[in-house]
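# An overview of the molecular structure
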Amino acid sequence: MLPFHPHIPDDSKPVQNNDTFNWDATSFFEGLTKRNKFAQSKKFTFCKVSGLDGFEEALTKMMTKTAFVCVSDISQGFTDINNTPHTRRVKTVFLAMRHAIDNMEARQSCMDMMRELFRQFMSVLILEQTKLQEHSIYIDPRISFQEIDRYFFSGCACAYFQIGVDTYTDLQFNQAEWTD
């Protein structure tokens, strides 16, 4: 059964450019985290953060939680005005797992688990990509996965991946939007 897609526009409503702009990465990855057996077995907790600073704040909850999937509610991006105008937004997903301090074997085990969770998430993202393309939303097939240096946060293995999402942008001049 395919995952639920609450972030795809409803076909019964007229589509406005702004309606198709945002793929709701937050609800997508929150749903994956809750439904994925591997994430559940490793006790991954989902949270929404605002950039790297927000990710560091989420890590302060580690007294009660041991593993996190955090989606940043901000994104980088640009608008390309050549040929077919489109806007690109890059969403960042942070992963973190607590381990014994100065135990490199435990850290490596956490990294292996985060790599596996990333792989499983990507297996669903392929299905999501097909659904999104039906609505002129395109996911860049090159998804970077970066492991964060061991000195970033003691006793915690951390990584992140980024997803570029392109949507058509209507750049036709509309006089009604201007005073003169």
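These notes cover the structure that comes with them. In this text, all values refer to a predicted model and were calculated from it rather than measured experimentally.

Looking only at helices and strands, one finds five helices and seven strands in the protein chain. From first element to last, N terminus to C terminus, the protein chain shows the α and β order α-α-α-β-α-β-β-β-α-β-β-β. Expressed as a percentage of its 180 residues, the buried residues of the protein chain come to 42%. Of the roughly 10,900 Å² that the protein chain leaves accessible, carbon and sulfur atoms contribute 50%.

Let us look at the packing of aromatic side chains. In this description, a pair of aromatic rings is defined by centroid distance and the angle of the planes. Scanning all chains against the criterion turns up seven aromatic pairs. Taking the centre distance of 5.0 Å and the plane angle of 85° together, the rings of Phe28 and Phe29 count as edge-to-face. Like Phe28, the residue Phe29 is buried in the burial classification. Judged by centre distance (4.7 Å) and plane angle (40°), the ring pair of Phe118 and Phe145 falls under tilted. In this pair, Phe118 is assigned in helix H5 (residues 104-133) and Phe145 in strand E6 (residues 144-147), connecting sequence segments 27 residues apart.

Now for the nonpolar core. Membership of the largest hydrophobic core comes to 33 residues, with the highest contact counts inside it found for Trp23, Phe29 and Phe161. Residue assignment for this core shows that the elements contributing at least two residues are helix H2 (25-35), helix H3 (37-41), strand E1 (44-49), strand E2 (67-72), strand E4 (86-98), H5, strand E5 (137-139) and strand E7 (156-168). If sequence neighbours within four positions are ignored, Phe29 has contacts with Trp23, Phe46, Val71, Val93, Phe121, Phe161 and Ile163. Formed by nine residues, the second largest nonpolar core is a distinct cluster that contains Val49, Ala96, Cys156 and Cys158.

Reading guide: rules and limits
Residues numbered from 1 in each chain as written. Predicted model: local features only at pLDDT ≥ 70, side-chain atom pairs only at ≥ 80, totals over all residues. Heavy atoms only, no water. Helix = DSSP H or I, 4+ residues; strand = E, 2+ residues; numbered from the N terminus. Buried < 20%, exposed > 50% of the residue type's maximum accessible area, 1.4 Å probe, protein only. Areas by Shrake-Rupley, 256 points an atom, 1.4 Å probe, with all protein chains shown as cover. Phe/Tyr/Trp six-rings, centres within 6.5 Å; stacked < 30°, edge-to-face > 60°. Core = buried A, V, L, I, M, F, W, Y, C linked by side-chain atoms within 4.5 Å. Contact = heavy atoms within 4.5 Å.

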